[in-house]
Amino acid sequence: MHLNQYQLDLIESYLNKMGLTQIDLRHEVIDHMSLNIEKQLGNGLQFQEAFEIEMRKWAPELRSSFSLWLGIANVGPKIMIDKCARITKELYLKSGIAALLTTLIFYFLRPFWNNDTGIFIIKDGLGVLLLAGVLFLVYGFYQNYRLGLKSSYSFLFKLSSSGYFLFTVIMNPFAMATLYGTEHEAFNFTGLFFSLFALSFGYFTYELFQKHKLQAKRYANG
Amino acid sequence: MSNSKLYKGSLNTIILKLLDEEGKMYGYEITQKVKALTQGELKITEGALYPALHKLEAEGLLDVEVAKVDNRIRKYYKLTEQGEKETVNRLAELEEFIRSMQQLVNPKWSIQ
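Residues numbered from 1 in each chain as written. Chains lettered and ligands numbered in written order. Predicted model: local features only at pLDDT ≥ 70, side-chain atom pairs only at ≥ 80, totals over all residues. Heavy atoms only, no water.

**Things to note about the packing of helix H1 (residues 5–18) of chain A against helix H2 (residues 23–42) of chain A**
Residue and element names in this part refer to chain A.
Here comes step 1: With their axes 10 Å apart at the nearest point, H1 and H2 run at an angle of 130° to one another. The angle between H1 and H2 falls in the class oblique. Here H1 and H2 pass one another in a crossing that is right-handed. Within the contact between the two elements, H1 uses Leu8, Ile11, Glu12, Tyr14, Leu15 and Asn16 and H2 uses Arg26, Val29, Ile30, Met33, Ser34 and Ile37. (Axes fitted to C-alpha atoms, helices over the stretch in contact; angles between N-to-C directions. Helix = DSSP H or I, 4+ residues; strand = E, 2+ residues; numbered from the N terminus. Parallel < 35°, antiparallel > 145°, perpendicular 65-115°, else oblique. Left-handed = near helix turned anticlockwise from the far one by under 90°. Contact = heavy atoms within 4.5 Å.)

See the structure below:
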């Protein structure tokens, strides 16, 4: 016995109430709940009874939750927060590795630099790239707004973009002239590492936007 | 999962094996298939199944297809090329693990 549109709307309303609005998770949960309810209807239960059983079953996965990786202010259904926390850990790890490797390359090439020119290129080059990253992310924000859909990736994209904007303000050599040391000091590779980390973080954040676009396309065609 | 922590570490391999055999499956179908194959002994909960599927998808082992069925959208999972290779590796690892466990628990008995 298939559920009618009114019954499906009741499930959708329940998921709206629980905050599961992300397309990559929501449709999957609706389908799973519907199939279980249909099975129970086949066993002779009324829709309301079967729906209540299903709501109880899903309650642990849909309860409001947070992760320290995302910040305690960012709450949502546990199934979504857990997915986002896992992606965020990977995001930090990939950014850290990329930044570390690039910093090491700069470090080992240090003897070949002409001091002033080399530092000028690194500082200004990175400054420009970090600001270009802001433009890419603003473009992503605009596209997200136009798509008008939510997914776990759009949730994370917004969160990580905000982090990138903040990071760029703090770690941009144009804003912080002494980030890589002064002309009287040795070059500060720690500052370079953090700028490269911010740049890698911005790149992987933009990838989140691409993944969101893929989800939107996938569900629009489905 | 309902009854044992022993199954927990093998969940991903179970999913990969099922998808290898069936081609493409959706979440509910996987839970029902596992239940049927184990005569109800093993029940995969939603809380264990979906995070595992999402992780395998993120690792590039699963691909996703969506289709409209019965007035709602259904999400199908299938193995990627990398997923097919990984299934072979993980099944070999699992078989090796079972063999080692048998030797530890009951050295005189063997499945082969």
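**Considerations on the layout of surface pockets**
Empty pockets left among the atoms are what a rolling probe the size of a water molecule brings to light.
Residues and elements named next belong to chain B.
Here comes step 1: The computed volume of the largest pocket comes to approximately 590 Å³.
Here comes step 2: Looking at the largest pocket, it is lined by 19 residues, and the ones nearest its centre are Tyr7, Ser10, Ile14, Leu94 and Ile98.
Here comes step 3: Where the lining of the largest pocket is concerned, the elements lending two or more residues are helix H1 (11–22), helix H2 (27–37) and helix H4 (81–105).
Here comes step 4: With six residues, the top contributor of residues to the lining of the largest pocket is H4.
Here comes step 5: Partitioning the lining of the largest pocket into residue classes produces 12 nonpolar, five polar and two charged. (1 Å grid on protein atoms, 1.4 Å probe; cavity = no way out; pocket = protein on both sides within 12 Å on 5 of 7 lines; lining within 4 Å. Points joined across faces, edges and corners; volume = space filled by probe spheres on them. Nonpolar A, V, L, I, M, F, W, Y, C, P; charged D, E, K, R; others polar.)

**Points about unusual backbone geometry**
All names here are of chain B.
Here comes step 1: Positive phi is not limited to glycine here, since Asp70 has a value of about 50°.
Here comes step 2: Turning to its location among the elements, Asp70 is positioned in the loop between strand E2 (62–69) and strand E3 (72–79).
Here comes step 3: Backbone geometry at Asn71 places phi at a positive 70°, although glycine is not the residue there.
Here comes step 4: Its place among the elements puts Asn71 in the loop between E2 and E3.

**What to know about the domain arrangement of chain A**
Residues and elements named next belong to chain A.
Here comes step 1: When the domains of chain A are assigned, the result is domain 1 (5–62) and domain 2 (76–221).
Here comes step 2: Using only C-alpha atoms to locate each centre, domain 1 and domain 2 end up separated by 39 Å.
Here comes step 3: Contacts between the two partners involve 14 residues from domain 1, matched on the other side by 13 residues from domain 2.
Here comes step 4: Summed over both sides, the interface of domain 1 with domain 2 buries roughly 1200 Å², with 65% coming from carbon and sulfur.
Here comes step 5: The tally of links between domain 1 and domain 2 comes to one salt bridge.
Here comes step 6: Across the salt bridge formed by Lys83 and Asp24, the nearest N and O atoms sit 2.8 Å from each other. (Domains from an automatic or database assignment. Buried area = accessible area lost by both parts, 1.4 Å probe. Salt bridge = Lys/Arg side-chain N within 4 Å of Asp/Glu carboxyl O.)

**Topic: the nonpolar core**
Here comes step 1: In terms of nonpolar packing, the biggest core is built from 71 residues, with Met33(A) and Ile15(B) touching the most fellow members.
Here comes step 2: Looking at this core, the element that brings in the most residues is helix H7 (residues 189–221) of chain A, giving 11 residues.
Here comes step 3: When we break this core down by domain, the ones giving at least three residues each are domain 1 (5–62) and domain 2 (76–221) of chain A.
Here comes step 4: Sequence-distant contacts of Ile15(B), that is, excluding residues within four places in its chain, are made with Ile30(B), Leu49(B), Ala52(B), Leu53(B) and Leu56(B).
Here comes step 5: With five residues, the next largest nonpolar core counts Leu35(A), Tyr26(B), Tyr28(B) and Tyr76(B) among its residues. (Core = buried A, V, L, I, M, F, W, Y, C linked by side-chain atoms within 4.5 Å. Buried < 20%, exposed > 50% of the residue type's maximum accessible area, 1.4 Å probe, protein only.)

**What about the confidence of the model for chain B?**
Here comes step 1: Per-residue confidence for chain B averages 89 on the pLDDT scale, and 91% of its residues sit at or above 70.
Here comes step 2: Considering each helix and strand of chain B separately, the mean pLDDT is smallest for H4(B), with a value of 92, and largest for strand E1 (residues 24–26) of chain B, with 97. (pLDDT = per-residue confidence, 0-100.)

**So, the sheet that holds E2(B)**
Residue and element names in this part refer to chain B.
Here comes step 1: Here three strands make up an open sheet; going across it, the order is E1-E3-E2 and the pairing antiparallel. The open sheet has two free edges, formed respectively by E1 and E2, since each of these has just one partner strand. Neighbouring strand axes in the sheet, compared pairwise and without regard to direction, differ in orientation by 35° on average.
Here comes step 2: Pairing between E1 and E3: three bridges, direction antiparallel. Residue Lys24 lies in a different strand from E3, and its bridge partner there is Lys78.
Here comes step 3: Helix-sheet contacts for H1 involve E1, E2 and E3, and the interaxial angle to E1 is about 125°.
Here comes step 4: The strands touched by H2 are E1 and E3; relative to E1, the strand with the most contacts, the crossing angle is about 95°. (Pairing = 2+ DSSP bridges.)

**Quick notes on the interface of chain A and chain B**
Here comes step 1: Contacts between the two partners involve 24 residues from chain A, matched on the other side by 25 residues from chain B.
Here comes step 2: Counting each side, the surface lost to burial between chain A and chain B is near 2300 Å², with a carbon and sulfur contribution of 53%.
Here comes step 3: Its largest share of buried area at the contact with chain B, chain A owes to Glu28(A), His32(A) and Arg218(A), together 25% of the area lost on that side.
Here comes step 4: Between chain A and chain B we count five salt bridges in total.
Here comes step 5: A salt bridge links Glu38(A) to Arg72(B), with the nearest nitrogen and oxygen atoms 3.1 Å apart.
Here comes step 6: In this assembly, chain A and chain B are joined by 11 residue pairs in polar contact (both at pLDDT 80 or more).
Here comes step 7: Breaking the side of chain A that touches chain B down by element, the ones donating at least two residues are H1, H2, helix H3 (47–62), helix H4 (78–108) and H7 of chain A.
Here comes step 8: Residue contributions to the side of chain A that touches chain B peak at 11 residues, all from H2(A).
Here comes step 9: Among the residues forming the side of chain A that touches chain B, the class breakdown is six nonpolar, eight polar and 10 charged. (Polar contact = N/O pair within 3.5 Å; in protein donor to acceptor, adjacent residues only side chain to side chain.)

**Let's talk about the packing of aromatic side chains**
The relation between two aromatic rings is expressed through the spacing of the ring centres and the mutual angle of the planes.
Here comes step 1: In total, this model carries 21 aromatic pairs over all chains according to the counting rule given.
Here comes step 2: Their ring planes at 85° and their centres at 6.0 Å tell us that Tyr14(A) and Phe51(A) sit as a pair that is edge-to-face. Here Phe51(A) lies in helix H3 and Tyr14(A) lies in helix H1, a separation of 37 residues in the sequence.
Here comes step 3: Taken together, the ring pairs connect Phe136(A), Tyr139(A), Phe141(A), Phe157(A), Tyr164(A), Phe165(A), Tyr206(A) and Phe209(A) into an aromatic cluster.
Here comes step 4: Cation over ring: Lys24(B) sits above Tyr76(B), and NZ or CZ is 4.7 Å from the ring centre.
Here comes step 5: Just above the ring of Tyr26(B) sits the side chain of Arg74(B); from NZ or CZ to the centre is 4.2 Å. (Phe/Tyr/Trp six-rings, centres within 6.5 Å; stacked < 30°, edge-to-face > 60°. Lys NZ or Arg CZ within 6 Å of the ring centre and 35° of its normal.)

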